[in-house]
Structures are given as structure tokens and as C-alpha cells.
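Spelled out, the chains give:
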Amino acid sequence: MSDTELIRLKPRRIRVVCWASAIALLVVFSLVATSLTGSTGEGGYGTFQRGDQFAMVGLGVLGALGLLLFTRPRVEADARGVRVRNVIGAYELPWEVVRGVRFDRGAPWASLELHDDDLLPMVALQAADKEIAVDGVRALRRLHQAHLARLGGASAPG
């Protein structure tokens, strides 16, 4: 494993689901917006205006952007450390603070076990992605083991 190897991991299945859902949400809100015409109900208390239609499309855009936040997670790792970006928050950690890479049975995603007993979730490595996520965890474990081997080799008397 070379010192310049860079591993980039992104969730697959959730990205497809989120993009399809965002497009569907935008289409539904646009269709609802085009149907907002005429009176607001019986009694003629008001009528739908062009602004109401734009507001409905705007709500669809905001909802679609909210769904697309779930496509944000990423994990990048190299010989120096690991960078984790989740839906909210990002972390850059050197391998020295990582005790191990965990992907427990039944867990929705993998996590980094840190030396201070914290667990940092890596939402980019989701159980729904099956083999892709397992391969990603294995690659991260290889990088972590290579780091530990370098530490062991550096501290051995020569």
C-alpha cells in the first residue's frame, strides 16, 4: 500500500433514492402549484395569486434541497489520516487518534472507534450498500494497519 493512496467513499443507494425523491417532490409541488387557481374555497374569501404558485414551487425546491443533504456524506482517507463528512458536521482525524474501524452486525453504518472511547459514525459507509460498504471498511482497516505498522517499525531499535 503506497503512502500516496487516497481512498474516497460515498454512499450509493441513498444517493439514488435521494435524487429520485428530490425530483419527484419538485414535480409534485410544481403540479400542485399549477392547480392553484381560482377561489380558495366556498364563500369566495380569496383567490389564489401567482405568488401562491411561486411559493408552492419554492417549498418544493426547499424540500428537494433538504433531501439532497443526505447525499453529502463522504469519507476520504490516506496514509496521514481520515476525513469524515456526515450530513451535519465534518471531521479530520489523524490515524493516531483512531483505535479501529468498526462495522458492527446490525449497525446502519460503519464508525471509527477513537482512543478516547468515542465512536464517530461514518454515514457514507451504509449497510444498505452491502459489499461496497464492506470493501470500504476493509480499505480503511488496511490504511489503519499500515499506519500501525509504520509506528511499530519507527519505534523498533535499528
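Residues numbered from 1 in each chain as written. Predicted model: local features only at pLDDT ≥ 70, side-chain atom pairs only at ≥ 80, totals over all residues. Heavy atoms only, no water.

Regarding the pattern of salt bridges
- Throughout the structure, instances matching the rule amount to eight salt bridges.
- Here glutamate 113 and arginine 99 are joined by a salt bridge, their closest N and O atoms 3.2 Å apart. Separated by 14 residues along the polypeptide, glutamate 113 in strand β6 (residues 109-114) and arginine 99 in strand β5 (residues 98-102) bring together distant segments of the chain.
- With relative accessibility at 36%, the residue arginine 99 sits in the partly exposed group.
- Residues joined in a network through salt bridges with shared partners are Arg8, Glu76, Asp78, Arg80 and Arg83. (Salt bridge = Lys/Arg side-chain N within 4 Å of Asp/Glu carboxyl O. Helix = DSSP H or I, 4+ residues; strand = E, 2+ residues; numbered from the N terminus. Buried < 20%, exposed > 50% of the residue type's maximum accessible area, 1.4 Å probe, protein only.)

Here's the deal with the pairing of β6
- Summarising burial for β6: five of the six residues are buried, a large majority.
- Counting the residues that bridge the hairpin from β5 to β6 gives six residues, and of these glycine 106 lies at a positive phi of roughly 85°.
- Judged from the five bridges that link them, β6 and strand β7 (residues 119-126) form a sheet pairing that is antiparallel. Of the residues in β7, the one forming a bridge with glutamate 113 is leucine 119.
- A loop of four residues connects β6 with β7, the two strands running antiparallel in sequence, and aspartate 117 in this loop sits at a positive phi of about 70°. (Pairing = 2+ DSSP bridges.)

So, to be careful, I would describe these as geometric facts and stop short of saying anything about function.
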